[in-house]
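The chain contents come next:
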Amino acid sequence: MLKATLKSLLSRKLRLVLSALAVVLGVMFVSGALILTETLGRSFDDLYASVYDGTDVTVTGGSTVPDGPADPIPASALDRVSAVPGVRGTTGTVFANGARLIGKNGKVITGGGQAFGTNWTGGNDVVRLRAGRAPAADTEILINGTLAEASGYRIGDAVGVLTLEPKRAFTIVGFFGYSGDRGSLAGEYTIAFTTPAAQRLLLGGPDQFTSIDVTAAPGTSDERLRDSVRSALGDPFVVRTGAEMGRSQADAVKGVFDFLRDILMGFAAVALLVGVFLIVNTFSIIVAQRTRELALMRAMGASGGQVVGSVIVEAVLIGLTASVLGLGAGIGVGAGLVAAIGGVIPTSGLVVPAAAVVAAFAIGVLVTVLAALAPALRAARIAPLAAMRDAANTTRSLRTPTIAGGVVTTLGVAGLWVALAGGAGDDTLPMLLGGVLLSFVGIALLTPSISRPVVSLLGRILSWSTPGQLGRRNSARNPRRTAITASALMIGIALVIGVSVVATSMKASVARTIDDGLRAELVVSGEQLSGPPPSFDPAVLDKIKDTRGVRAVAGVYLDTATVDDKAGGRVYATSDLRALADILGLRATSGSVDAVSGTQVVLDEETARHDGLAVGDPVRIRSSRGEPVTYTVVGVYAKTGVVDGYLLPLAAAGNFLSPTPVLAYIRLADGANGSAVRDQVDAYLTDSPEVGVADRSSYIEQRTSYLDILLAMIQILLALAIVIAVLGVVNTLALSMIERTRELGLLRAVGMSRAQIMGMVTVESVVISVFGALLGIGVGVGLGAAVVRALEDDGLTVLVLPWTQMFGYLSLAVVVGVLAAALPAIRAARTDVLTAIHYE
C-alpha cells in the first residue's frame with residue numbers, strides 16, 4: 001500500500017508542487033518572523049551589554065506615577081553618591097529624546113529613527129571623539145557620525161537645533177562615534193551639548209540629570225556597590241548594576257519585537273488558514289480522481305484504514321517537503337531582512353532559533369494532515385463497486401454543511417458581539433479573534449448552498465457564447481469545490497475590506513467632528529514623529545493676533561500630568577480660554593468656561609464624571625516640572641471631539657515639559673483673504689520647521705494620514721494570503737482539467753476549437769474569482785460595519801463604505817481569474833483528442 005501511495009504521488013508532480021506551495025509560503029512567513037525577531041533581540045542584548053560595559057552601577061530617578069516615566073535626578077544626588085564608600089567615580093548624564101537638527105534645506109533631518117540629545121562628559125570605552133574638540137560653550141555641540149553623514153554638515157558650520165525650546169543657533173565643533181567604528185548605536189541621531197545647555201534644553205531646568213553612572217573602586221563588587229548606593233539614596237531612586245541595566249534596556253526593546261512577532265504571526269496564521277482551504281480542495285479532487293483506483297484497492301482486500309493511511313501518508317510527505325522548503329525560504333527571508341536592517345542597526349549575525357525549526361515542521365505537517373483528514377475519511381468510505389462507475393461523483397447533499405455552517409456562523413457572530421460590546425473583559429482580544437475565525441469557517445460552510453445560484457447568475461454575464469455557457473455551468477457543477485476555492489479568496493479580501501470600512505469611517509467621523517466642533521479656518525500644528533510634540537515660539541501668537549484679517553487666535557499648550565497622584569494623561573493650557581471656547585464651541589454644562597486664572601481649572605463632563613469632580617471641587621495636578629498644584633474646578637464643558645480633559649491657565653504652562661504652544665486655532669474675520677493670512681502665518685513660523693499652518697481640510701487629512709499608512713501595511717501583509725488564494729484557483733482548475741480530460745477530448749471531437757476551450761476555462765476561473773471577491777466584500781463590509789457600530793460611543797459616528805477599494809478588488813478578481821486560468825487553459829487546449837477520449 002505504501003509503495004502504491006508513493007508511486008501515485010510521484011506520478012502527479014504538479015499536484016505535489018501546487019499543494020505544497022501554499023504550506024511553503026505560510027511556513028516561510030512564520031519561520032522568517034521568528035528568525036527576524038530573535039536575531040534583533042539577540043543583537044540588542046549584545047548592544048546594551050556593550051553600552052554598559054564600563055559602568056558598574058547606574059542610578060535613575062523613580063516615578064511619581066506607577067509605570068510612568070522616570071523623574072529627573074537632582075544634582076545634589078551626585079554628591080551623595082560620590083561620598084558612598086567603594087565609589088571610584090561618578091558621572092551625571094543627561095539623555096533624552098527630542099533634540100532635532102535642522103538641515104541645510106531648512107527642514108528637520110529625519111530618517112534616523114529617534115533623535116536624542118545628551119551632555120558631553122568626555123570619551124570612554126564606548127563613546128569616542130572622532131574629530132574636532134569637545135563643546136566648551138553652551139552654543140557649541142557635537143553630533144554623532146550617523147547624523148553628520150545624513151546632514152552633510154562639517155565642523156565649524158552654524159546650525160539650528162529644536163528641543164523643548166524653539167530654534168536655537170549652535171556651532172558644530174566635532175563629531176563623535178562609538179566602539180567598533182560605528183556612527184551610532186542603532187541608527188539614531190544624537191546631539192551632544194554642554195551639561196548646562198543639555199539640562200536646560202532637554203530637561204527644562206538646571207541642576208538635574210537623567211542618570212548617574214558609577215564606577216567601583218578596586219576590590220568592590222558591583223552588587224555590593226549597588227546595595228551601598230541604594231542605602232545611601234533611599235527612595236524613590238532606582239539603583240541597578242550595569243549588567244542589570246543592560247538587560248532592562250534590552251528587555252524593553254524586545255517587548256517591541258515581541259509585539260512585532262505577534263503581528264507577523266497573526267498574518268501568517270491568516271495565510272495558513274487560506275492554505276488549509278487550498279489543501280482541502282486539492283485532496284478532495286485527488287480522492288475524486290482516484291476513486292476507481294482506491295475502489296480497486298478495496299476490492300483487492302485493502303481496508304478502510306489502509307485507504308485513510310494512504311491519503312495521510314501522502315499528506316505527511318507533502319507537509320514534510322513543504323516544511324523543509326518553507327524553513328529554507330524563511331531563513332533566506334530572515335537573512336535578507338537582517339542584512340537590510342544591518343545597515344542601520346548593528347546585528348550580531350543571523351540567529352535561527354530552535355522555535356523556528358520546530359514551528360516550521362509542526363505547522364507544515366500538522367496543517368497538511370488536518371486539511372487532508374476529511375478527504376481521507378471520505379476515501380475510506382468508497383465501496384468496491386465504485387470501481388465499476390465513473391470516478392467523479394459530485395451530487396452529495398448540502399444539508400449537513402449548511403446546518404453546521406449556520407451554527408458555526410451564529411457562534412462566531414455571537415463572539416464578535418460580546419467582544420465588541422465589551423462583555424469579554426480581559427478576554428476581549430481572544431474572543432474577537434475567535435469570533436472572526438468562527439465567522440469565516442461558518443460562512444465557508446454556508447458557501448456551497450449559495451454558490452450554485454450566485455455562480456450561475458454571475459456566469460450569465462459572460463455566457464454570450466457556447467464556451468461561456470459551458471464555463472458557467474462548469475463553475476456551478478460542483479458547489480463544494482467552487483465554495484472552498486472562493487472561500488480562500490474571500491478571507492484575505494474580507495479582512496482588507498473590513499479594515500478599510502473602519503478606516504474610512506474613522507476618517508469621516510474625524511472630519512465630521514472637526515467640522516462640527518471647530519470654527520477655525522486655519523490651524524497651526526505639526527506632526528509628532530518622536531520625542532516631544534512639535535511646538536513654536538509663543539511670540540508667534542501675538543504676531544498672528546495682530547495680523548490683518550484675523551478675528552481671534554487661541555494657542556494650546558500640552559503636557560502629561562498626574563491628577564490626585566494618579567495617571568491623568570494629557571492636560572492643556574491656553575493663551576485665551578474665551579477665544580478657545582468660541583473657536584471650539586465649548587458649551588458649559590455647569591459653572592463657566594469663559595476664563596481661568598490663578599489656580600482655576602475647567603474640564604469636560606466625561607473626565608469630570610470619571611474623576612468624580614464637580615464645580616467647586618479641588619483637584620491636585622502635577623505637571624512634568626515643578627511641585628503639585630491644587631486647582632479649583634470652576635467649569636465643566638460638554639465633550640467635544642477636538643479637545644477634552646483639563647484646561648489650565650496660561651501660567652501653568654511654565655511647569656510643562658515644553659513651555660511652548662503645540663497648536664494654534666485661527667478664526668478669520670468676515671471677508672478676510674485666507675490665503676494671504678496663511679502665507680503671513682507661514683512667514684512667522686520660519687524658525688519652526690516642524691510646524692506649519694493648514695486650512696481645515698488639510699488639517700483633517702493630517703490628522704487621519706496614519707490610517708492610510710496602516711491600511712497600506714495591512715494590505716501588504718495580507719497580500720500573501722491573497723497570493724495563496726490565487727494559487728488555489730490555479731490548483732483547482734489544473735486538477736479539474738485532469739479530472740475532465742475525457743470530457744475535453746469529446747468537446748474537441750465535436751468541433752470545439754482550442755481557443756474556445758481556453759475561453760471556457762477562463763470564464764470558469766473568472767466566475768469563481770469574482771464569486772470569492774463578492775463574498776469577501778460582503779463579509780468585510782459586515783465585519784467593518786459591526787466594529788463601527790460597536791465603537792459609536794467612542795467617536796465612530798459615521799459609517800462610510802470604501803467604494804473605490806471595493807470596486808478595485810472586484811476588478812482585481814477578474815484579472816486574477818484570467819491569470820489563474822492561463823496555464824490550465826493552455827493545458828486543456830493542448831489535449832490530444834484521441835488520447836483524451838481513451839483517458840482513464
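Residues numbered from 1 in each chain as written. Predicted model: local features only at pLDDT ≥ 70, side-chain atom pairs only at ≥ 80, totals over all residues. Heavy atoms only, no water.

### Topic: the overall build of the chain
Then step 1. Looking only at helices and strands, the chain has 23 helices and 24 strands in total.
Then step 2. Counting the 840 residues in the chain, one finds 49% classified as buried.
Then step 3. Taking as baseline every contact in the chain between residues at least 6 positions apart, the subset at least 24 positions apart corresponds to 81%.
Then step 4. Total accessible area on the chain stands at roughly 37100 Å², and carbon and sulfur atoms take up 59% of it. (Helix = DSSP H or I, 4+ residues; strand = E, 2+ residues; numbered from the N terminus. Buried < 20%, exposed > 50% of the residue type's maximum accessible area, 1.4 Å probe, protein only. Contact = heavy atoms within 4.5 Å. Areas by Shrake-Rupley, 256 points an atom, 1.4 Å probe, with all protein chains shown as cover.)

### Here's the deal with the pairing of strand β15 (residues 522–526)
Then step 1. Within β15, four of the five residues are buried, leaving the element largely enclosed by the surrounding structure.
Then step 2. Bridge analysis of β15 against strand β23 (residues 663–668) gives three bridges, and the strand direction is antiparallel. Bridging from a neighbouring strand, Leu522 pairs with Ile666 of β23. (Pairing = 2+ DSSP bridges.)

### What to know about the nonpolar core
Then step 1. Within the largest apolar cluster, 82 residues are counted, with the highest numbers of intra-cluster contacts made by Phe440, Met490 and Ile497.
Then step 2. Discounting residues that sit within four places of it in the chain, Phe440 has contacts with Met490, Ile491, Ala494, Leu495, Val779 and Leu783.
Then step 3. If you look at the next biggest cluster of nonpolar residues, it comprises 40 residues, including Val87, Ile109, Ile141 and Ala197. (Core = buried A, V, L, I, M, F, W, Y, C linked by side-chain atoms within 4.5 Å.)

### A look at the confidence of the model for the chain
Then step 1. Averaged over every residue, the pLDDT of the chain is 82; residues scoring 70 or more account for 87%.
Then step 2. Across the chain, strand β8 (residues 140–144) holds the top mean pLDDT of 95, while helix α1 (residues 2–10) sits lowest at 59. (pLDDT = per-residue confidence, 0-100.)

### Considering the pattern of salt bridges
Then step 1. Summed over the entire model, instances satisfying the criterion amount to 12 salt bridges.
Then step 2. The residue Glu165 makes a salt bridge to Arg200 at a minimum N-O spacing of 3.7 Å. Taken together, the residues span a long stretch of sequence, with Glu165 in the loop between β9 (158–162) and β10 (168–178) and Arg200 in helix α5 (residues 195–202) at a distance of 35 residues.
Then step 3. In this structure, Asp227 engages Arg226 in a salt bridge whose closest nitrogen and oxygen atoms are separated by 3.2 Å.
Then step 4. You can call Asp227 partly exposed: its relative accessible area is 37%.
Then step 5. Here the salt bridges do not stand alone but share partners, grouping Glu165, Arg168 and Arg200 into one network. (Salt bridge = Lys/Arg side-chain N within 4 Å of Asp/Glu carboxyl O.)

### Topic: the side chain of Ser505
Then step 1. Note that Ser505 resides in helix α14 (residues 479–517).
Then step 2. Residue class for Ser505 comes out buried when judged on its relative accessible area of 0%.
Then step 3. Among the polar contacts made by the side chain of Ser505, one reaches the main-chain carbonyl oxygen of Val798 at a distance of 3.5 Å. (Polar contact = N/O pair within 3.5 Å; in protein donor to acceptor, adjacent residues only side chain to side chain.)

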